[in-house]
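Listed below are the residues making up each chain.
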Amino acid sequence: MLKIGLVSISDRASQGVYQDKGLPALQDWLARALATPFETVCRLIPDEQPGIEAALKALVDDEGCQLVLTTGGTGPAPRDVTPDATLAVADREMPGFGEQMRQISLKFVPTAILSRQTGVIRKQSLILNLPGQPKAIQETLEGLRRQDGSVEVPGIFAAVPYCLDLIGAPWIETHEAVVKAFRPKSAVKPAP
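Each value, and the rule that gives it
Residues numbered from 1 in each chain as written. Predicted model: local features only at pLDDT ≥ 70, side-chain atom pairs only at ≥ 80, totals over all residues. Heavy atoms only, no water. Salt bridge = Lys/Arg side-chain N within 4 Å of Asp/Glu carboxyl O. Helix = DSSP H or I, 4+ residues; strand = E, 2+ residues; numbered from the N terminus. Buried < 20%, exposed > 50% of the residue type's maximum accessible area, 1.4 Å probe, protein only. UniProt positions renumbered as here; feature names shortened; annotations may be inferred. Pairing = 2+ DSSP bridges.

Concerning the pattern of salt bridges
Working step 1: Scanning the entire structure with this criterion turns up twelve salt bridges.
Working step 2: Across the pair lysine 3 and glutamate 63 runs a salt bridge, and its minimum N-O distance is 3.5 Å. With lysine 3 in strand S1 (residues 2–9) and glutamate 63 in the loop between helix H3 (49–62) and strand S3 (67–71), the pair connects residues that are 60 residues apart, well separated along the chain.
Working step 3: Take lysine 3: its relative accessible area is 17%, and that puts it in the buried class.
Working step 4: Between arginine 43 and glutamate 63 there is a salt bridge, with its nearest N and O atoms 3.5 Å apart. Here the residue arginine 43 occupies a position in strand S2 (residues 38–45), and glutamate 63 occupies one in the loop between H3 and S3, the gap between them amounting to 20 residues.

If you want it as C-alpha cells, here you go:
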C-alpha cells in the first residue's frame, strides 16, 4: 500500500496560535485524487531546518513513505527553510516540479517567482515542497482548467505516479476527473 508523509511547516500553527490548514487540504485533495488505497503519516512542525530534516528522514527512512508532501516555508524570508532542509536530505534533485509549480502560480500572482519550491528523491521516495495556502496546494497539484473543464496547465501530480514507478515505489492510479496521471504508452499496465 502507498504510504504518504504529509508535513506542514509553520511556527505559529505548530505552537497553536492558529489552526493548520495545510494538512487538512492535503488529506482532502489526496482523498479526491487517488484511486489507489493509501495511508498518511502527518507531522506539524516549526520552521527549523534541523527539525524539518529530521522529519523528512524519519518519514522516508523509518516510516517507509514513498511520497512525502510538505506545505509551507518555501519563500525568501529567513525562517523559510523548507527547501534548504529538503535539499539537505536529498539523493537527487528533481527541479521540474518546482518549475511547474511556479508556472502555475504565475497565472495568479507575480510574486510566484519568489517561491523556492522543489522536488527531490531520497532513496525510493519522492519529496515535494508545496505552497502553504490550500487553494495554491490544489492548483499546483491539480493544474489549471479552462471553463470547459479541459486542462490548460498540467499540475505536478500528473507526473508523480510515473516518477514513483521509475524509483521503485508502488503503482498508483488517480481519479482522472481530478488529475490524470501521465505515463508513456510503454509504461501503461494493461487493464485487468
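Next comes the rest of the write-up.
Notes on the UniProt feature "domain: MoaB/Mog" (unreviewed entry) in the chain
Working step 1: Mapped onto the present numbering, the UniProt feature "domain: MoaB/Mog" (unreviewed entry) falls at residues 5–151.
Working step 2: Taken as a whole, residues 5–151 contains 39% helix and 23% strand, while its terminal C-alpha atoms sit 27 Å from one another.

Here's the deal with the pairing of S1
Working step 1: The buried fraction of S1 is high, at eight of eight residues.
Working step 2: Taking every second residue as pointing to the same face, both faces of S1 are buried, with Leu2, Ile4, Leu6 and Ser8 on one and Lys3, Gly5, Val7 and Ile9 on the other.
Working step 3: Here eight bridges tie S1 to S2, and the two strands are oriented parallel to one another. Note that in S2 the partner of valine 7 across the bridge is arginine 43.
Working step 4: Here S1 runs beside S3; their pairing, made up of five bridges, is parallel. Its bridge partner being in S3, leucine 6 is matched across the sheet by leucine 69.

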